Amino acid sequence: MARDQLLLALLCLAASSLSAQAAGTDGRKMVGVYELKMGDFSVKVTNWGARLMSLVLPDSKGNLADVVLGKDTIAEYVNDTSYFGPITGRVAQRISRGRFVLDGKVYHLYRNDGRNTLHGGGRGFHKVVWTVKEFVPDCDSPYITFYYRSFDGEQGFPGNLDAYVTYRLSSPYTLGVHMNATALDKPTPVNLLQHVYWNLAGHGSGDVLGHTLRLFASRYTVLDGELLPSSGRVAPVAGTPLDFRTPTAIGARIRQVMGGKVVGYDANYVIDGEPVSMRPVAQVRDGASGRAVELWANQATMQFYTGNWLNNTKGKDGKVYNQYAGFTLETMGYVDAVNHPEFPSQTLLPGQDYKHDMVFKFSF
């Protein structure tokens, strides 16, 4: 058995080496779609925005469905404004007034959300071509690694930054998303995020209000009407519509919540436990299909969003997505931490590394 495992490891290593050689010195920069597959469990990703395009798995009766909202073609993602499935950065979520001060210097960013910067600016990490560094589809744990060099001054951010994202399948029905970044020459804020919309009944199957949700979060970040933590306060979820500490239907109290200027959740939760360690974040279940997902991560907070702004949005396979057609579980550091010294810092010094791990464990 040990000999077989060693042989398998050597084959994986060889496949990884061949993949790197095929990529060339600078890796593959052409935009493509790549599939990772383990039996009846599969995902498709693209290096346009290091994006998760689909995830297919069975339900309790063995019927397969794609549970990720998205588009049919790469061309459709180019003009997508709903952030279907990409990695967002250099700093995800919002930066107040599109500015911050670092080491006494004021930095002005590209503002693409009114007077604020959202998900790294108009051409954030979701709008660039990542390099395919490794693609190892034929292995016991197939994976792909994307790489992007963010240049000094990109969208207003200081310093050069190396960013990596790895998508990996493992048994049984587990997807790992691993984000790493290194500041090369200047201090810079970094806060990456995976922005996939889930519908465990299958994308385009209606709303997710009947899904039951449990969050391992007893506190939330108080956000204002612009979805910014202007007060810097963290408050208990107890007694509020944000309390999902016990399994509760997503739609049970949704009419009591304003996610910015529309009804629905767009809330930032402080995950219980220490952010340096992997720990449970959320559990979601769709009763009709029997599909469930459990999310583990090592970040401080999580943005829970219910697709409040989806409205007759064209999706995959001729489907149309309307309000609440999907939900997101976006683990990250604190929102707008660069402007809030009371929050744990998201600023990297030259040579420092950023590490963000997410593990989605599916069942049915």
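Rules and cut-offs
- Residues numbered from 1 in each chain as written.
- Predicted model: local features only at pLDDT ≥ 70, side-chain atom pairs only at ≥ 80, totals over all residues.
- Heavy atoms only, no water.
- UniProt positions renumbered as here; feature names shortened; annotations may be inferred.
- Helix = DSSP H or I, 4+ residues; strand = E, 2+ residues; numbered from the N terminus.
- Contact = heavy atoms within 4.5 Å.
- Buried < 20%, exposed > 50% of the residue type's maximum accessible area, 1.4 Å probe, protein only.
- Polar contact = N/O pair within 3.5 Å; in protein donor to acceptor, adjacent residues only side chain to side chain.
- Pairing = 2+ DSSP bridges.
- Axes fitted to C-alpha atoms, helices over the stretch in contact; angles between N-to-C directions.
- Phe/Tyr/Trp six-rings, centres within 6.5 Å; stacked < 30°, edge-to-face > 60°.

- In the nomenclature of an unreviewed UniProt entry, the chain corresponds to Aldose 1-epimerase from the organism Urochloa decumbens.
- Reading the Sequence similarities (unreviewed entry) entry of the UniProt record for the chain gives the comment "Belongs to the aldose epimerase family."
- Of the chain, the UniProt comment under Pathway (unreviewed entry) reads exactly: "Carbohydrate metabolism; hexose metabolism."

Brief notes about the UniProt feature "active site" (unreviewed entry) in the chain
Piece 1. Here the UniProt feature "active site" (unreviewed entry) sits at His195 and Glu330. Across 136 residues, the annotated set stays spatially compact, with a maximum C-alpha separation of 6.2 Å.
Piece 2. Following the sequence through the fold, His195 ends up in the loop between strand E15 (193–194) and strand E16 (212–215).
Piece 3. Discounting chain neighbours no more than four positions away, the residues touching His195 are Ser82, Tyr83, Phe84, Gly85, Pro86, Thr88, His119, Thr328 and Glu330.
Piece 4. Mapped onto the elements of the fold, Glu330 is located in strand E28 (residues 328–332).
Piece 5. Classification of Glu330 as buried rests on a relative accessible area of 1%.
Piece 6. Ignoring any residue separated from it by four or fewer positions in sequence, one finds Glu330 in contact with Gln93, Leu193, Gln194, His195, Thr301, Met302, Gln303 and Tyr305.
Piece 7. A polar atom in the side chain of Glu330 sits 2.9 Å from the side chain of Gln93.

A short note on the sheet that holds strand E4 (residues 64–66)
Piece 1. In spatial order, the strands read E1-E2-E3-E4; together these four strands make up an open sheet with antiparallel pairing. Strands with a single pairing partner mark the edges of an open sheet, and in this sheet they are strand E1 (33–38) and E4. Strand after strand, the sheet turns through a mean of 15° between neighbouring axes, direction not considered.
Piece 2. Relative to E4, strand E3 (residues 51–58) is paired through three bridges, and the arrangement is antiparallel. Of the residues in E4, the one forming a bridge with Pro58 is Leu64.

Observations regarding the side chain of Glu154
Piece 1. Structurally, Glu154 is set in the loop between strand E11 (143–150) and strand E12 (161–170).
Piece 2. Looking at Glu154, its side chain comes within polar contact range of the side chain of Ser150, at 2.5 Å.
Piece 3. The contact partners of Glu154, leaving out residues within four places of it in the chain, are Arg123, Phe125, Val128 and Tyr148.

Focus on the packing of aromatic side chains
Piece 1. Applying the stated criterion across every chain yields a total of 20 aromatic pairs.
Piece 2. Seen in terms of ring centroids, Phe146 and Tyr167 are 6.3 Å apart; in terms of plane orientation they differ by 75°. Their pairing is edge-to-face. Of this pair, Phe146 sits in strand E11 while Tyr167 sits in strand E12, placing them 21 residues apart in sequence.
Piece 3. What makes Tyr167 buried here is its relative accessible area of 0%.

Let's talk about the sheet that holds strand E30 (residues 353–363)
Two modes of strand pairing occur in sheets, parallel and antiparallel, and in both the strands are linked by backbone hydrogen bonds.
Piece 1. Across the sheet, nine strands lie side by side as E10-E11-E12-E13-E30-E24-E23-E16-E19; this open sheet has antiparallel pairing. Single-partner strands in this sheet number two, and they are strand E10 (131–136) and strand E19 (248–249).
Piece 2. Examined bridge by bridge, E10 and E11 share five bridges and lie antiparallel to one another. Each bridged residue has a counterpart across the sheet, and for Thr131 the counterpart in E11 is Tyr147.

Side note on unusual backbone geometry
Most peptide bonds adopt trans geometry, and most residues besides glycine take a negative phi value.
Piece 1. In this structure, the amide linkage connecting Gly89 to the following residue, Arg90, adopts the cis form with an omega of 10°.
Piece 2. One can find Arg90 in the loop between strand E5 (87–88) and strand E6 (94–95).
Piece 3. Going from Ser171 to Pro172, the amide bond is cis rather than trans, its omega being -5°.
Piece 4. One non-glycine residue, Arg97, lies in positive phi territory at about 60°.

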